[in-house]
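Per-entry structural report
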Amino acid sequence: ELQAIIFDLDGVITDTAEYHYLAWKQLGEDVGVPFTREFNEELKGVSRMDSLEKILALGNKHNDFTADEKMSLAEKKNEHYVSLIQNISPTDILPKIEELIADIKKMGLKLGLASVSKNALAVMSSLGLKEQFDVIVDAATIKKGKPDPEIFLRAAELLNVDPKACIGIEDAAAGVDSIKGAGMFAVGVGSEQSLSKADIVYASTSELSLEKIIEVYNK
Ligand code: B16
Ligand code: MG
């Protein structure tokens, strides 16, 4: 029986996925590797250093920089990202998310967050949501990022629930892989095409319905 819902942060609770995109796009242009929104789908949910490696590999430039130079490039991206999230407030919570959280609590289900972002706690505080969650697993808590299942498994463990009794909500293909690898039910938010491995996909958060999700989960 269902016991917990575990949310991704960037792109599900708030639109910071767009800010990550803008900051990486700028960095890509700086190193001579411009890329499309379609390629950006491959960066969603992926850790900072792994994202940088993917961008450099796209431009065949992965051997052009030393480890130290790569660190500074990642740092530069992060400074840009941090400047973009400075003014985040509760008004930036995506449609239906607060209602969904309220419904989850009303049903007595546990609430978890699984984000590989080192900025996750800061974003959650700015949104005023930090205290609502029973557990927050971020980059500091895990060894392997998405698509590895570690982050969702860790959230279930800390919530003290069986992964099979959990539903994960994600906007990234790497995130859906992580949820499915953990043996959980996956809800995707975004395009059917990039999230084809999810058990149910919604085009945007405004269409999310806990009732419908639980109905499909129970099938
Ligand atoms: P940072 P999530 C992920 O967060 C983002 O989707 C991804 O775009 C980003 O590169 C990653 O966090 C690392 O973030 O550079 O802030 O540590 O989707 O797991 O909430
Ligand atoms: Mg995400």
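Residues numbered from 1 in each chain as written. Chains lettered and ligands numbered in written order. Predicted model: local features only at pLDDT ≥ 70, side-chain atom pairs only at ≥ 80, totals over all residues.

1. Some remarks on the site of ligand 1
Which entries qualify depends on this criterion: Nearness here has a simple definition: the residue's C-beta atom, placed using the backbone, must lie within 6 Å of the molecule or strand. In this description a helix means any DSSP run of H or I spanning at least four residues, a strand means any run of E spanning at least two, and both kinds are numbered starting from the N terminus. Polar here means any residue outside two lists: the nonpolar Ala, Val, Leu, Ile, Met, Phe, Trp, Tyr, Cys and Pro, and the charged Asp, Glu, Lys and Arg; Gly therefore counts as polar.
Around ligand 1, the structure places 21 residues, and the nearest of them are Leu-9, Arg-48, Ser-115, Ser-117 and Lys-118. Those elements giving two or more residues to the shell around ligand 1 turn out to be helix H1 (16–30) and helix H3 (48–58). Of the residues contributing to the shell around ligand 1, the split by class is seven nonpolar, nine polar and five charged.

2. Some words on unusual backbone geometry
Trans is the prevailing form of peptide bonds, just as negative phi is the prevailing case for residues other than glycine. As a reminder of what qualifies: Exposed residues have 12 or fewer other C-beta atoms within 10 Å of their own C-beta, buried residues have 20 or more, and partly exposed residues fall in between, where C-beta atoms are placed from the backbone.
For the bond from Lys-146 to Pro-147, the omega torsion is 10°, close enough to zero to count as cis. With respect to the helices and strands, Pro-147 occurs in the loop between strand S3 (135–137) and helix H7 (150–159). A positive phi angle, close to 55°, is found at Asn-60, a residue other than glycine. Looking at where Asn-60 falls in the secondary structure, it is placed in the loop between H3 and helix H4 (67–84). Judged by local crowding, Asn-60 falls into the exposed class, with 9 C-beta atoms found within 10 Å. With a phi angle near 65°, Asn-160 is a residue other than glycine that sits in the positive phi range. Tracing the sequence through the fold places Asn-160 in the loop between H7 and strand S4 (166–170). Residue classification places Asn-160 among the exposed residues on the basis of 11 C-beta atoms within 10 Å.

3. A few points about the environment of Asp-30
Tracing the backbone shows Asp-30 in helix H1. Separated by 43 residues in the primary sequence, Asp-30 and Leu-73 place their C-alpha atoms 9.5 Å from one another.

4. Considerations on the pairing of S4
Stated formally: A pair of strands is considered paired only if DSSP assigns at least 2 bridges between the two.
With five of five residues buried, S4 lies mostly within the body of the structure. In S4, alternate side chains face the same way, and those of Cys-166, Gly-168 and Glu-170 on one face and Ile-167 and Ile-169 on the other are all buried. Summarising the sheet, strand S1 (residues 4–7) and S4 pair through four bridges and their orientation is parallel. Looking across to S4, one finds that Ala-4 is bridged to Cys-166. Inspection of the sheet shows S4 paired to strand S5 (residues 185–189) by four bridges, in the parallel sense.

5. A short note on the UniProt feature "binding site: Mg(2+)" (unreviewed entry) in the chain
To keep things clear, this is the line we draw: UniProt positions are given in the numbering used here, feature names are shortened, and annotations may be inferred rather than shown by experiment. By the criterion used throughout, residues are in contact when their C-beta atoms, derived from the backbone, lie within 7 Å.
Feature annotation in UniProt places "binding site: Mg(2+)" (unreviewed entry) on Asp-8, Asp-10, Glu-170 and Asp-171, given in this structure's numbering. A maximum C-alpha distance of 8.8 Å among these annotated residues, which run over 164 residues, shows that they cluster at one spot. Mapping Asp-8 onto the fold places it in the loop between S1 and H1. Setting aside anything within four residues of it in sequence, one finds Asp-8 in contact with Gly-45, Ala-114, Ser-115, Ile-169, Glu-170, Asp-171, Ala-172 and Gly-175. Structurally, Glu-170 can be placed in strand S4. Glu-170 sits in the buried class, given 30 other C-beta atoms within 10 Å.

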